[in-house]
Amino acid sequence: IDDFLTNEELVLLGEDGAPFLDLIKEKAYLISGKAWVNNHAHILTGTEIARLRFLFYVLQTLNISHLVHGNIPKLTKKDLQELQIPLPPLAVQSEIVRVLDKFTLHKAELAAELAARLQQYEYYRDQLLTFDDTVKRVKLGEVCHFQNGFSFQSSKFEKAGSPILRITNIKDRQIDEDSLVFLNPKDYKENLE
């Protein structure tokens with residue numbers, strides 16, 4: 001892109017394709033300077049009663065999934081305009097922004113520190129666990145005992161006992177209780193002792 005449509009601080013919020021249904025991922029983005037924003041994003045500016053950075057932080061905390069429609073998640077301008085948000089006085093908004101900006105800076109510093117520590121860990125792990133031919137090699141079976149888990153038999157399942165949570169029971173980040181199976185410990189006493 002060799003041109004720009006905006007040249008100011010703005011909040012961008014996806015219109016379609018954004019991770020609206022994921023409560024962890026960010027939905028709003030703060031930009032500043034020259035930018036070309038296409039028609040797949042809503043562009044928000046502050047007003048005399050709402051600080052822009054306050055709106056940015058508020059939008060990060062709201063669950064807006066009830067406003068999203070369609071197979072490809074879409075948040076229309078009409079629905080977005082109807083979204084209810086908290087609006088404290090400007091002085092309170094400014095103080096909230098000041099505190100959250102400070103923590104955002106700390107968050108970035110911590111992320112950089114974590115990345116450096118992970119790189120350091122991987123370096124030392126690889127250095128400490130790389131051995132030349134002078135180190136004796138043995139089979140894993142010579143230095144440890146193996147114990148298998150036990151498999152379930154369908155005849156042992158009843159809707160009584162302890163529920164067994166399997167990966168197949170998780171759908172859309174929710175537990176599908178209709179597909180749970182149960183373990184009655186007396187059926188597998190020899191394996192549970």
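Please refer to the structure placed before this passage.
Residues numbered from 1 in each chain as written. Predicted model: local features only at pLDDT ≥ 70, side-chain atom pairs only at ≥ 80, totals over all residues. Heavy atoms only, no water.

Peer 1: Where do I start with the overall build of the protein chain in this structure?
Peer 2: Secondary structure assignment for the protein chain yields 4 helices and 9 strands. Helices (α) and strands (β) of the protein chain occur, in sequence order from the N terminus, as β-β-β-β-β-α-α-α-β-β-β-β-α. Of all 193 residues assigned to the protein chain, the portion counted as buried reaches 22%. Relative to all contacts within the protein chain whose residues are 6 or more apart in sequence, the contacts with residues 24 or more apart total 61%. When the accessible area of the protein chain is evaluated, it comes to approximately 15,200 Å², of which 56% is carbon and sulfur surface. (Helix = DSSP H or I, 4+ residues; strand = E, 2+ residues; numbered from the N terminus. Buried < 20%, exposed > 50% of the residue type's maximum accessible area, 1.4 Å probe, protein only. Contact = heavy atoms within 4.5 Å. Areas by Shrake-Rupley, 256 points an atom, 1.4 Å probe, with all protein chains shown as cover.)

Peer 1: I keep staring at the side chain of histidine 42 and nothing clicks. Help me out?
Peer 2: Position of histidine 42 relative to the elements: it lies in strand E5 (residues 41-44). A polar atom in the side chain of histidine 42 sits 2.6 Å from the backbone oxygen of leucine 75. Once residues lying within four places of it in the same chain are set aside, the contact partners of histidine 42 are Val11, Leu12, Leu13, Gly14, Glu15, Leu75, Thr76, Lys77 and Leu80. (Polar contact = N/O pair within 3.5 Å; in protein donor to acceptor, adjacent residues only side chain to side chain.)

Peer 1: Sorry if this is basic, but what is going on with the packing of aromatic side chains here?
Peer 2: The description of an aromatic ring pair uses the distance of the two centres, along with the angle that the planes make with each other. Taken as a whole and assessed by the stated rule, the structure comprises 2 aromatic pairs. Centroid distance tyrosine 123 to tyrosine 124: 5.1 Å. Interplanar angle 85 degrees. Geometry classified as edge-to-face. (Phe/Tyr/Trp six-rings, centres within 6.5 Å; stacked < 30°, edge-to-face > 60°.)

Peer 1: Explain the nonpolar core to me, please; I cannot follow it from the model alone.
Peer 2: Side chains of nonpolar character tend, in soluble globular proteins, to be buried together. Residues Val11 and Leu75 are the most contacted members of the largest nonpolar core, which totals 19 residues. Mapped onto this core, the elements with two or more residues apiece are strand E2 (10-14) and helix H1 (52-61). Here this core gets 6 residues from one element, more than from any other, and that element is H1. Excluding residues within four positions of it along the chain, valine 11 makes contact with Ala28, Tyr29, Leu30, His42, Ile43, Leu44, Leu52, Phe56 and Leu59. Leu10, Ile31, Ala35 and Val37 belong to the second-largest nonpolar core, a separate cluster that totals 5 residues. (Core = buried A, V, L, I, M, F, W, Y, C linked by side-chain atoms within 4.5 Å.)

Peer 1: Where do I start with the sheet that holds E2 in this structure?
Peer 2: With respect to topology, 3 strands assemble into an open sheet ordered E3-E2-E5, the strand pairing being antiparallel. The strands lining the two open edges of the sheet, one partner per strand, are strand E3 (28-31) and E5. With strand direction ignored, the average angle separating the axes of adjacent strands in the sheet is 30 degrees. Pairing analysis gives 4 bridges linking E2 to E3, with the strands arranged antiparallel. Residue pairing across strands places valine 11 opposite leucine 30, the latter belonging to E3. The sheet contacts of H1 involve E2, E3 and E5, and relative to E3 the element is tilted by about 155 degrees. (Pairing = 2+ DSSP bridges. Axes fitted to C-alpha atoms, helices over the stretch in contact; angles between N-to-C directions.)

Peer 1: What should I look at first to understand the pairing of E5 in this one?
Peer 2: The alternating pattern of E5 places His42 and Leu44 on a buried face, while none of Ala41 and Ile43, on the opposite face, is buried. Pairing geometry for E2 and E5, over 4 bridges, is antiparallel. From the neighbouring strand, leucine 13 faces E5, where its bridge partner is histidine 42.

Peer 1: Whenever I open this one, H1 confuses me. Can you help?
Peer 2: In an α-helix, one turn spans 3.6 residues; hence positions three or four apart end up facing the same way. Extensive coverage of H1 is indicated by the burial of 7 of its 10 residues. Those residues of H1 lying buried are Leu52, Phe54, Leu55, Phe56, Tyr57, Val58 and Leu59. Each element contacted by the buried residues of H1 is listed here: E2, E3, E5 and helix H3 (90-128).

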